[in-house]
Amino acid sequence: MSEIKRKFDEISKKYDEQRKKFIPCFDDFYRVSVSVASVNMENPKILDMGAGTGLLSAFLMERYPDASFTLIDISEKMLDIAKDRFRGNSNVKYIVADYSKYSFVEDYDMVVSALSIHHLEDEEKKEIYKKSYSLLKQNGIIINADQVHGETPFIENFNKNIWKHYIENSGLPEEELLAGYERTKLDKDSTLDQQINWLKEAGFCDVSCMYKFYQFAVMFGKKV
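Just so we're clear, the structure is a prediction, and the values are computed from it rather than from any experiment.

Trainee: Help me understand the overall build of the protein, please; the structure alone is not making it clear to me.
Mentor: Within the protein, the regular secondary structure consists of nine helices and seven strands. By its C-alpha atoms, the protein is 45 × 40 × 30 Å across when sized along the principal axes. A total of 224 residues make up the protein; the buried ones form 53% of that total. Of all intrachain contacts in the protein linking residues separated by at least 6 positions in sequence, the fraction that spans at least 24 positions is 72%. On the protein, roughly 10700 Å² of surface is accessible, and the fraction owed to carbon and sulfur atoms is 48%. Distance between charge centres in the protein, computed from 31 positive and 37 negative side chains, equals 1 Å.

Trainee: Just checking my understanding: could you explain the nonpolar core for this structure?
Mentor: Note that soluble globular proteins tend to have their nonpolar side chains buried in a common cluster. Core analysis: the largest hydrophobic core is formed by 44 residues, its most contacted members being Phe29 and Tyr30. In this view, phenylalanine 29 contacts Ile23, Leu115, Ala145, Asp146, Tyr211, Phe216, Ala217 and Val218; residues no more than four positions away in its chain are not counted. Judged by nonpolar contacts, the second largest core, of 26 residues, contains Leu47, Ala97, Ile196 and Trp198.

Trainee: I'm lost on the packing of helix α3 (residues 26-35) against helix α4 (residues 55-63) in this one. Help?
Mentor: The relative placement of two packed helices is expressed as an angle between their axes plus a distance between the axes. Interhelical geometry of α3 versus α4 gives an angle of 55 degrees and a closest axis separation of 10 Å. Between α3 and α4, the angle falls in the class oblique. Crossing geometry of α3 relative to α4 is assigned as right-handed. Taken together, the residues of α4 that come into contact with α3 (itself represented by Phe26, Tyr30, Ser33, Val34 and Ser35) are Leu55, Leu56, Phe59, Leu60 and Arg63. Along the lines of polarity and charge, the residues of the contact of α3 with α4 split into seven nonpolar, two polar and one charged.

Trainee: Just checking my understanding: could you explain the side chain of serine 57 for this structure?
Mentor: Following the sequence through the fold, serine 57 ends up in helix α4. Excluding anything up to four places from it in sequence, serine 57 contacts Asp48, Phe69, Leu71 and Phe86.

Trainee: Hey, could you run me through the environment of leucine 56 in this one?
Mentor: Along the chain, leucine 56 turns up in helix α4. Measuring from C-alpha to C-alpha, the distance between leucine 56 and alanine 145 comes to 9.3 Å, with 89 residues separating the pair along the chain. Those residues in contact with leucine 56 that lie beyond four places of it in its chain are Tyr30, Ser33, Asp48, Val112, Ser113 and Ala114.

Trainee: Whenever I open this one, helix α9 (residues 192-201) confuses me. Can you help?
Mentor: An α-helical segment advances 3.6 residues per turn. Residues three or four places apart therefore align on the same side. Those residues of α9 not exposed but buried are Leu192, Gln195, Ile196, Trp198 and Leu199. The arc enclosing the buried residues of α9, seen along the axis, measures out at 160 degrees, which places them on a common side. Close packing links the buried residues of α9 with α6 (122-135), β5 (136-147), β6 (205-213) and β7 (216-222). Positive phi shows up at glycine 203, right after α9, with a value of about 115 degrees.

Conventions adopted
Residues numbered from 1 in each chain as written. Predicted model: local features only at pLDDT ≥ 70, side-chain atom pairs only at ≥ 80, totals over all residues. Heavy atoms only, no water. Helix = DSSP H or I, 4+ residues; strand = E, 2+ residues; numbered from the N terminus. Buried < 20%, exposed > 50% of the residue type's maximum accessible area, 1.4 Å probe, protein only. Contact = heavy atoms within 4.5 Å. Areas by Shrake-Rupley, 256 points an atom, 1.4 Å probe, with all protein chains shown as cover. Lys, Arg positive; Asp, Glu negative; His and termini not counted. Charge placed at Lys NZ, Arg CZ, Asp CG, Glu CD. Core = buried A, V, L, I, M, F, W, Y, C linked by side-chain atoms within 4.5 Å. Axes fitted to C-alpha atoms, helices over the stretch in contact; angles between N-to-C directions. Parallel < 35°, antiparallel > 145°, perpendicular 65-115°, else oblique. Left-handed = near helix turned anticlockwise from the far one by under 90°. Nonpolar A, V, L, I, M, F, W, Y, C, P; charged D, E, K, R; others polar. Arc of directions from axis to C-beta.

Here it is as C-alpha cells:
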C-alpha cells in the first residue's frame, strides 16, 4: 500500500485532467455509476472508498446535493484535491486511511468506489465486499466502478491492446503515458465473474454488472 500511496501522491494534481484520456469510456462509466445510485431519499449517507480527488462523489453530489459524504483514501494529497473541490460543503468528511483496514463506526445508505478496489488482492476484495455489506443499512447499495481482468488470456490481451491504442492516441505527453503504464504494475485485477460471485457470497442481492466497456465495469448489489 505504501507504493500505491506514493504513486497517487505523485499524480494527485494531474489526476482529474488525465481521467478522460486514460478511460476511453469516461462519460458513460461515471454516468451509469450515478444512474444506478438510486435510493428512496434525498439526503443519503454515502461512503466513497478510495475516493481520491472526489471525482465520483462530485458526480453523485449533482444528483444528491444534500447527501452526506465520507471520503476515505490512503493518499492525503489526493484528498487535499477533494477538499479544494468541496470547499465550504460541511456535509463532506475526510479520512486519510487504508479503507481495507479502517474500523468504521457509522452505517451508510451507499458504499461506492471507483477505480480503487482493483489494487487489492483477491482475499482483500472478498473482505471489502463483506465489510461493505456490514456497513450498509437495509436496502443500502454498493457500486463498484472498476477495471476487471479478462475472462481468458486472449480477452485480457485484447482488452489491454484496445486500451493502449486509445491512450497512445489521446494526446497524453509521453512522460504521463509512461507514468500511467508504471502505475498499472500495481494493479491486481480480478475477473468480473469472480467479483459478482464475491458480492453474492457477501450477502448482496440483485447483484449485476450494469455496464461494461472492455476492462471497465460497473458492478452493483443491494442489501435487503
